[in-house]
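Chain residues, written in single-letter form:
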Amino acid sequence: MQPAAVTLYPEDAVIYAQGEKAGPLYYVEFGTVRICRLTADGRRQITAFHCAGEVFGFEAGDEHESYAESVDGAGVRVLRTNCGQQPTGSMLMLALKSLARVQNHLMVLGRRNANERMASLLVDLAERQGNDTLVVLPMQRNDIADYLGVTFETVSRILRALKDMGVIRMRSVSEVEILDHDALVEMCE
């Protein structure tokens, strides 16, 4: 794959639109990208968050079934293949990682209560950020709600409950200190 120069997308900027012709893959150099889909009744469902070092834009068809936006001012590179339509081994591995993350998210949404969903998100972000004790939340509470399939108020209530249980401490609106990682992981199982 041949990476292009980094393009900066300011907060909430559209990287590609739902229904737009699919083509290249995208690499997150820094920042966070959310993948969203609009439902028939106009509601937004966030299907994925992509952090630095991750690739997105995989499509089975000729057009994007979702749209991608920058969450917090993301630097994104377009990745173009130099081998036509034939996927390389590295592209296949990236696609499989993306598929595994989506499958895990579906399991969380389908089989877990709201508290377990939040715990799963915090554990996932801690792993992806490489820090078991501090999680940076680049996304707003309404983004978290749309990702977990709950309301904005439920997100705030769960974070407060986890704080009261001594599992986390809110260092700021966007920083969660994990005080009891084992308890958080146990909630996910």
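Our subject is the structure listed above.
What you are looking at is a predicted structure, and each value in this text was computed from that prediction instead of being measured.

Caption draft 1: Representation of the environment of Val 185 within the structure. Along the chain, the position of Val 185 falls in helix H5 (residues 181-188). By relative accessible area, Val 185 is classed as partly exposed at 24%. Separated by 69 residues in the primary sequence, Val 185 and Glu 116 have C-alpha atoms spaced 9.3 Å apart.

Caption draft 2: Quick peek at the packing of aromatic side chains. All chains considered together, the criterion is met by four aromatic pairs. On the basis of an interplanar angle of 35° and a centroid distance of 5.3 Å, the ring pair of Tyr 16 and Tyr 26 is categorised as tilted. With a gap of 10 residues between them, Tyr 16 in strand S2 (residues 14-16) and Tyr 26 in strand S3 (residues 25-30) connect regions that are remote in the sequence. A relative accessible area of 2% places Tyr 16 in the buried class.

Definitions and limits used
Residues numbered from 1 in each chain as written. Predicted model: local features only at pLDDT ≥ 70, side-chain atom pairs only at ≥ 80, totals over all residues. Heavy atoms only, no water. Helix = DSSP H or I, 4+ residues; strand = E, 2+ residues; numbered from the N terminus. Buried < 20%, exposed > 50% of the residue type's maximum accessible area, 1.4 Å probe, protein only. Phe/Tyr/Trp six-rings, centres within 6.5 Å; stacked < 30°, edge-to-face > 60°.

Interpretation in functional terms is not warranted from these geometric data alone.
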